[in-house]
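The primary structure of each chain is shown beneath.
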Amino acid sequence: MREQAEGGPLVSRESEPAECSRDVTECDNPIPGSAAAELRDYHAAFNAARTAMALVDRDGRLLAANPALGSLLGTDPAGLADRRAAELVGLGGDERSRDAYQDVLRGARERLRRTCRLKSRDGHGMWAEVTIESLRQRDQGARSAGALLSVEDVTEQRELAARLRHLQMHDPVTRLPNRALFFERLSAALRSPTSGRVGICYLDLDGFKAVNDTLGHAIGDRLLAAVATRLLACVAEGGHLAARLGGDEFALLVEESQDTEQLVALADTVLSALQRPFDLEGHRLAVSASIGVVERPTAGTSPTCLMQAADTTLYWAKADGKARWTLFDPERNAHRMTRQSLSSTLRQAVERGEFVLEYQPLVALSGGALRGVEALVRWEHPQFGRLAPNRFIGLAEENGSIVQLGHWVLAESCRRARAWQKDHPDEPLFVSVNVAVRQVWDSDLVTDVAEILDETGLPPELLQLELTESAVMGSAGQPLQALHALSEMGVRIAIDDFGTGYSNLAYLSRLPVAALKLDGSFVRGFRSPEHPNPADETIVVALVELAHRLGLTVTAECVENAEQAERLRRIGCDTGQGWFYSRPVAAERISAMLGGR
Ligand code: C2E
Ligand code: MG
Ligand code: MG
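Residues numbered from 1 in each chain as written. Chains lettered and ligands numbered in written order. Predicted model: local features only at pLDDT ≥ 70, side-chain atom pairs only at ≥ 80, totals over all residues. Heavy atoms only, no water.

Caption draft 1: A look at the overall build of the chain. Counting secondary structure elements, the chain contains 23 helices and 22 strands. Looking at the 597 residues of the chain, the share that counts as buried comes to 45%. Sequence-distant contacts in the chain: of pairs separated by 6 or more residues, those separated by 24 or more amount to 63%. Accessible surface computed for the chain: about 29900 Å², of which carbon and sulfur atoms make up 50%. (Helix = DSSP H or I, 4+ residues; strand = E, 2+ residues; numbered from the N terminus. Buried < 20%, exposed > 50% of the residue type's maximum accessible area, 1.4 Å probe, protein only. Contact = heavy atoms within 4.5 Å. Areas by Shrake-Rupley, 256 points an atom, 1.4 Å probe, with all protein chains shown as cover.)

Caption draft 2: Representation of the coordination of the magnesium ion (ligand 3) within the structure. The coordination sphere of the magnesium ion (ligand 3), as far as protein atoms go, consists of D496 (OD), D497 (OD), E557 (OE) and E557 (OE), spread over 2.1 to 2.7 Å. For the magnesium ion (ligand 3), all donor residues lie on one chain, and their spacing in sequence is D-D-x59-E. Separating the magnesium ion (ligand 3) from the magnesium ion (ligand 2) is a distance of 3.8 Å, and D496 supplies a donor atom to each of them. Taken together, the residues D496 in strand β19 (residues 492-498) and E557 in the loop between β21 (553-556) and α22 (562-571) connect sequence positions 61 residues apart. Assigned by exposure class, D496 and E557 land together as buried. (Donors = N, O, S within 2.8 Å, 3.2 Å for Na, K, Ca; no water.)

Caption draft 3: Quick look at a negative patch on the surface. On the surface, D444, E451, D454 and E455 cluster together to form a negatively charged patch. Tracing the sequence through the fold places E455 in helix α16 (residues 445-456). (Patch = residues over 30% accessible without salt bridge, like charges linked within 9 Å, V, L, I, M, F, W, Y side chains within 5 Å. Salt bridge = Lys/Arg side-chain N within 4 Å of Asp/Glu carboxyl O. Lys, Arg positive; Asp, Glu negative; His and termini not counted. Charge placed at Lys NZ, Arg CZ, Asp CG, Glu CD.)

Caption draft 4: Just the pattern of salt bridges, in detail. Using the criterion set out here, one finds 27 salt bridges in the structure. Close ionic contact of D213 with K209 constitutes a salt bridge, the shortest N to O distance being 2.7 Å. You can see D213 and its partner K209 sitting in helix α8 (residues 208-215), 4 residues apart, about one turn around the helix. There is no split in this pair, since D213 and K209 are both exposed. We note a salt bridge from D320 to R332, for which the minimum N-O separation is 3.0 Å. Here R332 lies in helix α12 (residues 330-352) and D320 lies in the loop between α11 (303-319) and β13 (325-327), a separation of 12 residues in the sequence. Among the ionic contacts, a cluster of salt bridges with common partners joins E358, R378, E380 and R386.

Caption draft 5: Highlighting the sheet that holds strand β9 (residues 249-254). Sheet architecture is open: 5 strands sit in the order β8-β9-β7-β12-β13, paired in mixed fashion. Each end of this open sheet is capped by a strand with a single partner; those strands are β8 (241-246) and β13. Taking the axes of each pair of neighbouring strands and ignoring which way they run, one obtains an average angle of 20° across the sheet. In this structure, strand β7 (residues 197-206) lies alongside strand β12 (residues 288-297), joined through 10 bridges in antiparallel fashion. What sits directly across from G199, in β12, is E295. (Pairing = 2+ DSSP bridges. Axes fitted to C-alpha atoms, helices over the stretch in contact; angles between N-to-C directions.)

Caption draft 6: Structural detail: the coordination of the magnesium ion (ligand 2). Those protein atoms acting as donors to the magnesium ion (ligand 2) are E374 (OE), N434 (OD1), E466 (OE) and D496 (OD), and they sit at 2.0 to 2.3 Å. Coordination of the magnesium ion (ligand 2) draws on donor residues from a single chain, spaced E-x59-N-x31-E-x29-D in sequence. Taking relative accessible area as the criterion, D496 reaches 8% and is therefore assigned buried.

Caption draft 7: Quick look at the state of the cysteines. Applying the stated rule across the entire model yields 0 disulfides. The thiol of C201 is not disulfide-bonded; the next cysteine sulfur, from C234, is found 9.7 Å away. (Disulfide = S-S within 2.5 Å.)

Caption draft 8: Broad picture of the side chain of H381. If you trace the backbone, H381 turns up in strand β15 (residues 370-381). A distance of 3.0 Å separates a polar atom in the side chain of H381 from the backbone nitrogen of Q383. Beyond its immediate chain neighbours, meaning those up to four positions away, H381 contacts L342, T345 and L387. (Polar contact = N/O pair within 3.5 Å; in protein donor to acceptor, adjacent residues only side chain to side chain.)

Caption draft 9: Examining the pairing of strand β4 (residues 111-119) more closely. By the bridge criterion, 9 bridges tie β4 to strand β5 (residues 125-134) in an arrangement that is antiparallel. By the bridge assignment, R113 is partnered in β5 with T131. Between β4 and β5, which pair antiparallel and follow one another directly, the connecting turn spans 5 residues, one of which, G123, has a positive phi of 85°.

Caption draft 10: Expanded view of the site of ligand 1. Around ligand 1, the structure places 20 residues, and the nearest of them are E374, R378, D496, E560 and W579. In the model, an oxygen atom of ligand 1 is placed 2.9 Å from a nitrogen or oxygen of the W579 main chain. Protein coverage of the free-state accessible area of ligand 1, which is 800 Å², stands at 80%. If you list the elements that add at least two residues to the shell around ligand 1, you get β15 and β19. With 4 residues, β15 is the largest single contributor of residues to the shell around ligand 1. For the shell around ligand 1, the residue count by class is 10 nonpolar, 3 polar and 7 charged. (Near = heavy atom within 4 Å. Nonpolar A, V, L, I, M, F, W, Y, C, P; charged D, E, K, R; others polar.)

Caption draft 11: Spotlight on unusual backbone geometry. One non-glycine residue, K322, lies in the positive phi region at around 65°. Within the fold, K322 resides in the loop between α11 and β13. A positive phi angle is found at A323, which is not glycine, with a value near 50°. In this structure, A323 sits in the loop between α11 and β13.

Caption draft 12: Representation of the packing of α8 against helix α9 (residues 217-236) within the structure. α9 packs onto α8 with a crossing angle of 145° between their chain directions and a minimal axis gap of 6 Å. Contacts from F208, V211, N212 and L215 in α8 reach H217, I219, G220, L223 and L224 in α9. Among the residues forming the contact of α8 with α9, the class breakdown is 6 nonpolar, 3 polar and no charged.

Caption draft 13: Focus on α16. Taking 1.5 Å of rise per residue, 12 residues should cover 16 Å, and α16 covers 16 Å from first to last C-alpha, within 8% of that figure. Inspection of α16 places L445, V446, D448, V449, I452, L453 and T456 among the buried residues, and these make up the whole buried set. Down the axis of α16, the sector holding all buried residues measures 165°, keeping them to one side. Turned more than 90 degrees away from the buried face of α16 sit D454 and E455, all of them exposed. Elements in contact with the buried residues of α16: α14 (402-423), α15 (437-442), β18 (463-467) and α18 (482-489). Of the residues flanking the end of α16, it is G457, one or two places downstream, whose phi is positive at about 80°. (Expected span 1.5 Å × (residues − 1). Arc of directions from axis to C-beta.)

Caption draft 14: Representation of the nonpolar core within the structure. Core analysis: the largest hydrophobic core is formed by 77 residues, its most contacted members being F355, Y359, V431, V449, L463, L465 and L467. The element that contributes the greatest number of residues to this core is α14, accounting for 8 residues. With sequence-adjacent residues up to four places away left out, L463 is seen in contact with L410, C414, V431, V433, V449, L453, L458, V491 and R492. (Core = buried A, V, L, I, M, F, W, Y, C linked by side-chain atoms within 4.5 Å.)

Caption draft 15: Structural view of the environment of D519. One can find D519 in the loop between β20 (515-518) and α20 (520-525). Taking the relative accessible area as the measure of exposure, D519 reaches 14% and is therefore buried. C-alpha of D519 to C-alpha of G499: the two residues are 20 residues apart in sequence and 6.1 Å apart in space. Sequence-distant contacts of D519, defined by excluding residues within four places in its chain, comprise D497, F498, T500 and E557.

Structural data, given as structure tokens:
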């Protein structure tokens, strides 16, 4: 605490304290001896008090100030007499406290307390808690006998509180503002916007975990601090906020953003600032960052909403290949939202029967006979219209609804194929059904197939199951045992999109596979007669030869023109599938094709 001046005279407007006492005791209306002694005691107490005080009259003028007040303000207390209390201690600066101050002087209010900034005796600023308290006596009703002003130096408490707040609001590793302060500033920027726009660069270091794991946390922390220094340099000119949100995540806040370009330019500056390697304790470290950039009007947005958008955008920057910035894209976000909504409604959609099947012919390359059809599922979505399988099969695999959906596809395809068989007993047509990985490993496919064949009456040899290489080879490299059971039942197994997975030809000889469906990319490779890709053709020749040696038939996918069909035929492919023959069509169209044969 500040030292207090001891002793010293009571300073009054009229007189020295001794005279004042004498005046009081010797006036016309003499105060009894004991009362005079009491008054002297009060004077002495007033002088000796360590609390800075002054008596103020009803007009707000200082009647007397004690030495503690003089010492606090660095002035002779005598010189304070007659000064206006409000001016001296900055009371009543605004209208509200002016009224309250007047009320205290009038005796209509007990006290007013304010913390103000005052000039101290050494000329520095100090924080003071100023109290003005009415001296109204009870028996005098509302008539005031002036007021007592007391002033306490609270600079140290204020500084301590500020230091504590700084600790609470800053990250010890980088000394940057932390998440709490970042959100406080972001909320304030949204509450009282100046430019009406706000922007965030939300960044995450690429590969930081590896630094931490291999070189230890101490180096990791030093790297974070070095990154923070560079980020501060990036925002220094614009006066923006750089904060560490946790881990290796940082955010730059542009409180009065002009436009998207400003944020993109800032993101570019950050990327190039981080490009220079960091030299830390003998280690030369190269890091990069992924940045999600969001810039938008302040109206109609909230801190949570902004941060969610920034988070999504940062995720895109990572997914797009890291070491880059990505700008928030409402359309891409809508797609993400659609994914969510599709995923959550898939299961009910199966129950409500919102799916339909189309069938695409598989045609003999020599002769052009219709051999089979591939069943391809579509979702007749009540809101989004007809959806292609690439929009929902992956989601159905993720959330497990593929098991129900796959069961329906299998049952419906077999019913259809059986109907075609009944209508055209002399023209056997097989149906080829896609089976997802999860369907194979998470459900009892063998039992399901057996039951469906039994219920529909479809001969097993008219059913082909298309599995991808990853479905037949389990994650531990274990081939699927169920294939043998299915094959023994008489069902044909085909490997779909062959050439895109392991392409491990060795397993083909050990598995009961009946057919290969060559991925469309091979055929696309020799699509144009002007730019034939001899490599693709060589591979196809070799694959077909090998497949035939193993007793498998080969279907080429994505046959789009006569040229491709002819080359595939010459190579020795068995069947072709693609737009050249027919797009996937409704079951009725297949019936019509059969009827016309
Ligand atoms: P996939 O089994 O390889 O099916 C062939 C895809 O190629 C089909 O796309 C088909 O419409 C398309 N296509 C056919 N001919 C041509 C062509 O000449 N050129 C081009 N560019 N494309 C052609 P679709 O119907 O969109 O199916 C995509 C994928 O969805 C399928 O690929 C299959 O993996 C999956 N899928 C479809 N239905 C089912 C199903 O019921 N269950 C499961 N698990 N997956 C399914
Ligand atoms: Mg397929
Ligand atoms: Mg395929």
